Amino acid sequence: MTTDSADAPHSARVRPPAAAAVPATAAVHPPRGPARETLPPPRPGRGVRQRAVTPLVAADCLATACTAPAVLGTGTAPMALGPMILGLLLLHSRAGLYRPHPAPSLLGALPVLLGRAALCWCAVAAVLAAVRPAQALPPALLAGAVALHTALVCGARALVHRARRAAARRRPRATLIVGAEPAARQLAAVLHARPGYGMRPVGVVVTGAPAGPEAPPAPAGPPRLTTPQDITRAVIRHTVRDAVFTVPPYGDPYTAALLRRFIDQGAAIWLAGAAAALEGRPPPASGHLGGFAWRRLETAPPRHGGAGKRALDLVLAVVALVVAAPVLLGGALAVRLADGPGVLCRQERVGRGGRGFLLLTLRTRRPYDGDAAAPGDAADGLRTSRVGRLLRRTGVAGLPRWWNVLRGDLSLVGPCPEGPRTVERCTRSCPEYGARHRMAPGLTGLAQVHGLHGGSPVEDRARFDNLYIDSWSWGQDVRIMLRAVARLPRREDR
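Residues numbered from 1 in each chain as written. Predicted model: local features only at pLDDT ≥ 70, side-chain atom pairs only at ≥ 80, totals over all residues. Heavy atoms only, no water.

## Describing the overall build of the chain
Phase 1 of the analysis: On a plain count of helices and strands, the chain comes out with 14 helices and 12 strands.
Phase 2 of the analysis: A burial count over the chain gives 43% of its 494 residues as buried.
Phase 3 of the analysis: Considering only residue pairs separated by 6 or more positions, the chain has 73% of its internal contacts joining residues 24 or more positions apart.
Phase 4 of the analysis: Split by element, the accessible area of the chain, about 25,000 Å² in all, is 63% carbon and sulfur. (Helix = DSSP H or I, 4+ residues; strand = E, 2+ residues; numbered from the N terminus. Buried < 20%, exposed > 50% of the residue type's maximum accessible area, 1.4 Å probe, protein only. Contact = heavy atoms within 4.5 Å. Areas by Shrake-Rupley, 256 points an atom, 1.4 Å probe, with all protein chains shown as cover.)

## Examining the environment of valine 53
Phase 1 of the analysis: Structurally, the position occupied by valine 53 is in helix 1 (residues 46–94).
Phase 2 of the analysis: Separated by 45 residues in the primary sequence, valine 53 and tyrosine 98 have C-alpha atoms spaced 5.7 Å apart.

## Some words on the nonpolar core
Taken as a class, soluble globular proteins show a tendency for nonpolar side chains to be buried jointly.
Phase 1 of the analysis: Ranked by internal contacts, the top residues of the largest apolar core, which has 27 residues, are Leu362, Leu391, Trp402, Tyr468 and Ile480.
Phase 2 of the analysis: For this core, the elements supplying multiple residues, two or more each, are helix 7 (306–323), helix 8 (325–339), strand 8 (356–362), helix 10 (401–407), strand 11 (411–413), helix 12 (446–449), helix 13 (458–470) and helix 14 (474–487).
Phase 3 of the analysis: For this core, the element with the highest residue contribution is strand 8, accounting for 3 residues.
Phase 4 of the analysis: Setting aside its immediate chain neighbours within four residues, tyrosine 468 contacts Lys309, Val413, Gly414, Met439, Leu446, Gln476, Asp477 and Ile480.
Phase 5 of the analysis: Residues Leu225, Ala243, Leu271 and Ala275 belong to the second largest nonpolar core, which totals 23 residues. (Core = buried A, V, L, I, M, F, W, Y, C linked by side-chain atoms within 4.5 Å.)

## Focus on helix 6 (residues 253–264)
Phase 1 of the analysis: Counted at 1.5 Å a residue, the expected span for helix 6 with its 12 residues is 16 Å, and the 17 Å between its end C-alpha atoms agrees.
Phase 2 of the analysis: Of all 12 residues in helix 6, 10 are buried, a share of seventy percent or more.
Phase 3 of the analysis: Looking at helix 6, one finds that the buried residues are Thr255, Ala256, Ala257, Leu258, Leu259, Arg260, Arg261, Phe262, Ile263 and Asp264.
Phase 4 of the analysis: Against the buried residues of helix 6 lie strand 1 (173–179), strand 2 (199–206), helix 5 (228–238), strand 4 (242–245), strand 5 (268–272) and helix 13.
Phase 5 of the analysis: Positioned one or two residues after helix 6, glycine 266 has a phi angle of 80°, which is positive. (Expected span 1.5 Å × (residues − 1).)

Right, here's the structure in full:
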């Protein structure tokens, strides 16, 4: 079999322009491992949150367990303890008392703790008065129960905060700060001077600053990171666990692309300074971090389909290959008889995580033999044959791509697979383009069913593809596949 080299770039990795090109006759093999510009595989970020929440939950439960017998007695306390603990945990969770914070303030949470304790004990007193009137709590005892419960909760939480600060000083988490200088440098200095916050700045990702020889020299402190390669090296070397944005993360395409990459890595996202403003309102004065307003950006975990999406791909790929086997064999025989040996075309494409793979199609072009070329033929010594035009028009040329779906290179729905040179060019012109590689490319996708293909503006394709990944759902996949089937009679296979 031969390779239709005119349709296939020569490298599945993104390489600098100075790299030497591989001859057209060289064998094409998919590279191993991710490209240098990609971040390492995503890791779950739930462990950090569980370690932050579990001690506080234990403290609240212990304080409740100590207060109930002292107020209700040993006869009533066992029956009321379970509902009290469950109700208190729900109230504290709704009030945000279990949200992680690098510098939690016990005094700032005191009014909320007092109010939730009063609500919980008032409910207990009302139930006792209705069920067992003889054991109704008098007002003085009710006030004492609220005060004792609040004091125990505050004391237990203070011990948790103290232990956490000590652990943070011993093992601070590697942190990247995203923003414009000098605000990002000032925040880095605050985190460095106060190790109790548990964050160790390992780099400043500068936004809105010139890169290259004209960039000003980096001041003392964490290194300045201005390229995707710098960010990738810092993430891998230091195992970055937190990312702090001092600018709005959706303010421009560059910071939005960074936010997507950090979310996929499972990193905790924090907003500091002006970026901590919520819905246009000024940031609150409480919960500051060295004078910087501070809050956590609540982000949903990435939903890329996972095992369920892959299982659907496998089932439909097997069915499609079995059903289309006669048509596929007929198309391959027609190419062999009409255009000679070599029925498959192998094209290099960039898949999930920047990994390269070979996209399989039936060969539709053959060497130019001196006849009149058809309109649209490339001036590279190859021309589209009559059989090739028929295979493209009917979609038979794309049937071998189901083998890529079976292998896991492609999915049914996803971004359009593109060559490494196209990826390199589009990544330079559009910062959000690289975020498309968070998901495996697909036979069809949201951008494709809206008529966006290789000649469309790269910003439009990146916007549609990232929107699909960010809002993935089974229903959306079904709708896209139905629209793709409806468009089949109106377009040629590309």
